[in-house]
Amino acid sequence: MCDRRPVFVGSFVFGFLLFFVHAGQGCSNTSSLAGFESEFSMLQHQLRGAFTIVDDCSFRVSRFDMLSGSDVRWWGALYSDFENMTNGFVISDQKLNQTLKNASFVVHLLENVTWDKIGVISVWDLPTSSDFGHALLSNVTELASSQNAESPPSGDDSVVLGGSNNSVTTKSSTMFDNCKQLSDKYRLRWSLNAEEGYVDIGLEAIAGFLSYMAFGWAKPNSTSELMLGADIVVAGFREEGFPFADDFYITKYSECSVKDGTASGVCPDAVYGGSNSVGSLTNNTKLVYGHRRDGVSFVRYRRPLNSSDNKYDLPVNPTEKMTVIWALGLIKPPDSINPYYLPQNHGGVESENYGHFSLNLSERVDECLGPLDAENKDVQDLIIADANAPLVVTAGPAVRYPNPPNPSKVLYINKKEAPLLRVERGVPVKFSIQAGHDVALYITSDFLGGNATLRNSSEKIYVGGEEAHGVPASPLELVWSPNRNTPDQVYYHSVYEQKMGWKVQVVDGGLSDMYNNSVVLDDQQVKFFWTISGDSISIAAQGEKKSGYLAIGFGGGMVNSYAYVGWFDSNGTGRVSTYWIDGQDASDVHPTNENLTYVRCKSEDGIITLEFTRPLKPSCSHSGRPECKNLIDPTTPVKVIWAMGAKWTDEQLTERNMHSVTSQRPVRVMLMRGSAEAEQDLLPVLGVHGFMMFLAWGILLPGGILAVRYLKHIKGDGWFKIHVYLQYSGLAIVLLGLLFAVAELHGLTFSSIHVKFGFAAIFLACSQPVNASLRPPKPAQGQRFTSRRLLWEYFHAIIGQSAVVLGVIALFTGMKHLGERYGAENVHGLNWALGLWIFLGAVAVVYLEYRERCRRRARNLSGSSWVLGNLDEEDDSADLINARRGFREKEDEERSGGGTMEIQLEPLARDDS
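This text gives an overview of the structure that appears in the document. Keep in mind that what you see is a predicted model, and the values were worked out from it rather than measured.

### Concerning the state of the cysteines
Tallied over the full model, the rule gives 4 disulfides. The disulfide that involves Cys-179 links it to Cys-368, with 1.8 Å between the sulfurs. Around the S-S axis, the bridge from Cys-179 to Cys-368 shows a dihedral of about -80 degrees and counts as left-handed. Remark: Cys-368 occurs in the loop between strand S25 (354-359) and strand S26 (382-384) and Cys-179 occurs in strand S12 (residues 178-183); sequence separation between them is 189 residues.

### Considerations on the sheet that holds strand S30 (residues 420-424)
Hydrogen bonds along the backbone pair up the strands of a sheet, which may run parallel or antiparallel. Read across the open sheet, the 6 strands follow the order S26-S30-S36-S35-S32-S33; overall the sheet is mixed. Whereas interior strands pair on both sides, the edge strands pair on one side only; in this sheet they are S26 and strand S33 (461-464). On average, each strand axis in the sheet is tilted by 25 degrees relative to the strand beside it, whichever way the strands run. With 4 bridges connecting them, strand S32 (residues 441-444) and strand S35 (residues 489-494) associate as antiparallel partners. Bridge assignment links Tyr-442 to a residue of S35, and that residue is His-493.

### Things to note about the nonpolar core
Leu-421, Phe-431, Trp-480 and Tyr-492 are the most contacted members of the largest nonpolar core, which totals 32 residues. Secondary-structure elements contributing two or more residues to this core are strand S27 (391-397), strand S28 (409-413), S30, strand S31 (429-433), S32, strand S34 (476-480), S35 and strand S36 (502-507). In terms of residue count, S28 provides more of this core than any other element does, 4 residues in total. Apart from residues no more than four positions distant in its own chain, Leu-421 is found in contact with Ile-383, Leu-391, Ile-413, Phe-431, Tyr-492, Lys-503, Val-504 and Gln-505. Residues Leu-203, Ala-207, Leu-314 and Leu-361 belong to the second largest nonpolar core, which totals 30 residues.

### Some remarks on the sheet that holds strand S14 (residues 198-206)
Across the sheet, 5 strands lie side by side as S12-S13-S14-S22-S21; this open sheet has antiparallel pairing. Only two strands of the sheet have a single partner each, and these edge strands are S12 and strand S21 (286-293). Adjacent strand axes in the sheet meet at a mean angle of 15 degrees when their direction is disregarded. Examined bridge by bridge, S21 and strand S22 (residues 296-304) share 7 bridges and lie antiparallel to one another. Paired with Tyr-289 across the two strands is Arg-300, which belongs to S22.

### Section: the pattern of salt bridges
Under the counting rule described, the total for this entry stands at 21 salt bridges. Between Lys-171 and Glu-39 there is a salt bridge, with its nearest N and O atoms 3.2 Å apart. A residue pair is termed long-range when its members are at least 10 positions apart, and Lys-171 in strand S11 (residues 169-172) and Glu-39 in strand S1 (residues 37-39) qualify at 132 residues. Of the residues examined, Glu-39 reaches a relative accessible area of 8% and is grouped as buried. Where Arg-48 meets Glu-204, a salt bridge forms, and the shortest distance between an N and an O atom there is 2.9 Å. Within this pair, whereas Arg-48 is found in strand S3 (residues 48-55), its partner Glu-204 is found in strand S14, the two being separated by 156 residues in sequence.

Rules of the game
- Residues numbered from 1 in each chain as written.
- Predicted model: local features only at pLDDT ≥ 70, side-chain atom pairs only at ≥ 80, totals over all residues.
- Heavy atoms only, no water.
- Disulfide = S-S within 2.5 Å.
- Helix = DSSP H or I, 4+ residues; strand = E, 2+ residues; numbered from the N terminus.
- Pairing = 2+ DSSP bridges.
- Axes fitted to C-alpha atoms, helices over the stretch in contact; angles between N-to-C directions.
- Core = buried A, V, L, I, M, F, W, Y, C linked by side-chain atoms within 4.5 Å.
- Buried < 20%, exposed > 50% of the residue type's maximum accessible area, 1.4 Å probe, protein only.
- Contact = heavy atoms within 4.5 Å.
- Salt bridge = Lys/Arg side-chain N within 4 Å of Asp/Glu carboxyl O.

Structure below.
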């Protein structure tokens, strides 16, 4: 008892202070409920206690036990049904957030609260709207406490005894006159009614679901082998959650067995009696009540002091000390051969799993100070979601719903009542909804469910809703994929009614499950994970060796990179910090303020994992801060580096805080393709690509166009050959340069401006040969040009010139892309050189155009406005595909007799190209 005295003193002081604070407050005593006594019905947190109304504004609580809650208050409601309880109100300023052990104190009501407004007083947890226990103030009987082994445990353990208002007493099945501590996790409670000839016994233990609690009387005058001939009761819970308490008799130190019709071992009395026995004569134990709350099993049963079964039941003298035995252990469920729940060997050590002592039922015993406190208080069934098996959702009656008050109908998953559901981030969960059309499943952030907007509250819905309903004949399949941004705890409920479901634990699976893509960075020491969702990207990095911090950076090296550092402060709290690094000294590491969300940093056995989500484009894109330029283009390879070290700090960095091991080279991560490769020196490759494109768009293709414009004065088809050969050579080099870049860069995307202009120019260039093959024929000599011919010539010229213009623009944007994404040096110099070349080309065109105009002017001045001439001197041969066609036709005409030369007048300045 010495180790419990401080707790008892603390509870006494707590009650005394409360009484002292309110002692000076006067209060009338006119209510008819003054003097009313009741006992609290236990619903959660092992709450027990007696309740007495003192006067019009206060009540007294005595022998009060309760495990601590988060924000627990005294709560009032008119009735104890679900709707009334959730619509109740706080009735006192007192908070009950600590564990209370055998406490007694007076509670004063708020000034605006009177007894006529209250029918039920509850101990209520505000954050979860949970009723830990309550006491009735009226003579309205709640659920009956008497239950047999065939009925489920009630949500309430109270029963009201008749009388006038001020003499009505509500008794609780969890309250007893006496209590003895059998072990740290097992208690015996009893209330003796010698006049009626029975004793009520309560067995209470921290035990698993399929465990038994045994207690009974040893055979009188036994000094050894106390179990043999003992009359005991074995209590526990069936697989479906119903309590039981059966009468047993022990004939042998073994589990019960029947051979040749003879039973031996630890067997129910009914087994010894055989098939001819009458149940009421062999099993004299009557189940009164049972529940499992907060990891604690409790069963109350009634036993007669003297039984009519003299063979298997022992008489109990309530005024004498008698030897009793007790045990805890696992129980074996019934099977096809054995129809009973049979205890297995208790095992363990004496005084922990079994024991004996002398008991006088008439003596007052109060050894139990405070509630039993189990480490694992969540006694609900646990279902772990499997991606390969759907979760079948149905609805059924509330038998042992975990969080009263509860509706009469609750959700079942895989035939288990409101189980705790555990899912992994990144692993899809499939629901097969068969709960009826009046139940619509949804996963919500609201702990009550039932559509929080109807309560003027807000909630986040992760999946499901009003359409998520179905029946067994036509189930609805609903798939939910929790991700790394899903909170650790959410709830499954029905949209149409509150508190039909329970909790969903969202745990981290493997990072490969939580993220869509992953690669191993340089030196195989850091893994990089990412998922792109809309306009944001979720990133994780995990080291493969122990370290004090882990950093990843975006850039070709430490200098001019954006770094994300996962580390732990002096309090052991994981943090993720962001930096811009523009040098190799500690002073060159500049903290930045990026818009990171869902930030986590954890360490397991020294292995650090950092996670965060950030926008692809910072919202401060027009600001001068360095982080505003930290853009991520998912269509362009991102260079990723890493570093690890022993220590990091958010204060002034020094060389001691700098890395101790780093990546040797960056890794190019293709975000859209989910792949990576070690950074290679692509500048020579890109240089060859650029030179080929310059040769084509800067020399060959423009040269072919100039040949058409300025070389037609040369007799013959030389100008035509130059045009065709230059165009085809330039187009071939363009295609070769394109294939070269695609092969080396492992594919291209159309996201960058350079690629868009380049492909547009290539498309126009490739259309020119097709266009040439569709050219209308040139009109005969002396005939006018047809409109089709004129349109074709304009179309052909415009497409060719547009292709060159787009190609030149692609050259400039290619230089810009080379400098921004691949860190090429002297890009500005190359741009100036390219610009100078274009300028020189423009000057050459101006000069050629001047010479051409002078040539035509000279020809006009050498004679009259009309001359004798031969059009064949400036024939354009009419066919871009076959340059000799026009000349062969003229030669054939001369051989056929057309030797007379046709002479005609024509304007000197006409251009027949």
